[in-house]
Amino acid sequence: MYLCLMLLTIGAAMDIQSFRISNRLIVSGLILGLILDILESGMKGAVTFLLNVSIPVILFYLLFLIHALGAGDIKLFSMIGGIWGFQMLCKTIAVSFLVGAVMSLCKLLHHRNLISRLLILKGYVCQVITTGRLSEYPQEFQGKQHVIHFSIAILIGYAIAMEVSY
């Protein structure tokens, strides 16, 4: 569906411009998904819609807590689940995380800090394991240089998932 692609493109543009994705955009996509599900399956569609919208929130809450994933990214995944359903959501998630990994690797190689970032990650993981507490990733390492716009990975992941599915 081109409307979903358009909404994701607008979301990625917003993210690039302001590091935020408008809730109005997300709500527009969610309303579209709810209407489509109700038209297709009646009130049963509304229940399916709620389940598909909730899955990304449940799956990625921990990533949100440590600031590894933004709220806008999770809402974009929810929008895809609401419009397309569980199978397309799963495909988009899988491909998006692969695309995001490639984007991150390219950025690390570009800034020539792959080894230092891996050492920071190792220290963080060791801290979480030894303390048994999930904490926020160290702030001094979260500059804009270390951020990718994951909404772009979601947009590309969705486009690839659509091509694979049809």
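Residues numbered from 1 in each chain as written. Predicted model: local features only at pLDDT ≥ 70, side-chain atom pairs only at ≥ 80, totals over all residues. Heavy atoms only, no water.

So, on to the nonpolar core. Leu-8, Leu-76, Phe-77, Ile-80 and Ile-154 are the most contacted members of the largest nonpolar core, which totals 28 residues. Mapped onto this core, the elements with two or more residues apiece are α1 (2–18), α2 (23–41), α4 (71–84), α5 (86–111) and α7 (150–165). Not counting chain neighbours up to four residues away, the residues in contact with Ile-80 comprise Cys-4, Leu-8, Gly-85, Met-88, Leu-89, Thr-92, Ile-154 and Tyr-158. (Core = buried A, V, L, I, M, F, W, Y, C linked by side-chain atoms within 4.5 Å. Buried < 20%, exposed > 50% of the residue type's maximum accessible area, 1.4 Å probe, protein only. Helix = DSSP H or I, 4+ residues; strand = E, 2+ residues; numbered from the N terminus. Contact = heavy atoms within 4.5 Å.)

Turning to a nonpolar patch on the surface, a few remarks are in order. A surface patch of nonpolar side chains, amounting to about 590 Å² of accessible area, comprises Ile-115, Leu-118, Leu-119, Leu-121, Val-125 and Ile-129. Along the chain, Ile-115 turns up in helix α6 (residues 114–131). (Patch = residues over 30% accessible without salt bridge, like charges linked within 9 Å, V, L, I, M, F, W, Y side chains within 5 Å. Areas by Shrake-Rupley, 256 points an atom, 1.4 Å probe, with all protein chains shown as cover. Salt bridge = Lys/Arg side-chain N within 4 Å of Asp/Glu carboxyl O.)

Negative phi is the rule for most residues except glycine; trans is the rule for most peptide bonds. The phi dihedral of Phe-19 falls on the positive side, at around 60°, and the residue is not glycine. With respect to the helices, strands and loops of the structure, Phe-19 is situated in the loop between α1 and α2. One non-glycine residue with positive phi stands out, namely Arg-112, at about 55°. By secondary structure assignment, the location of Arg-112 is in the loop between α5 and α6.

Assignment of secondary structure puts Asp-73 in helix α4. For Asp-73, which is buried and forms no salt bridge, the nearest opposite charge comes from Lys-75, at a distance of 9.9 Å. Side-chain polar atoms of Asp-73 contact the backbone nitrogen of Ser-151, separated by 3.5 Å. Dropping the residues within four chain positions of it, Asp-73 is found in contact with Asp-15, Ile-21, Phe-150, Ser-151 and Ile-154. (Lys, Arg positive; Asp, Glu negative; His and termini not counted. Polar contact = N/O pair within 3.5 Å; in protein donor to acceptor, adjacent residues only side chain to side chain.)

Moving on, we come to α5. Residues three or four positions apart in an α-helix share a direction because the helix packs 3.6 residues into each turn. With 26 residues, α5 should cover 38 Å at 1.5 Å per step; its first-to-last C-alpha distance of 37 Å lies within 8% of that length. Those residues of α5 not exposed but buried are Met-88, Leu-89, Thr-92, Ile-93, Val-95, Ser-96, Val-99 and Gly-100. Where α5 is buried, its residues meet α3 (43–65), α4 and α7. The positive-phi residue at the C-terminal boundary of α5 is Arg-112, with phi of around 55°. (Expected span 1.5 Å × (residues − 1).)

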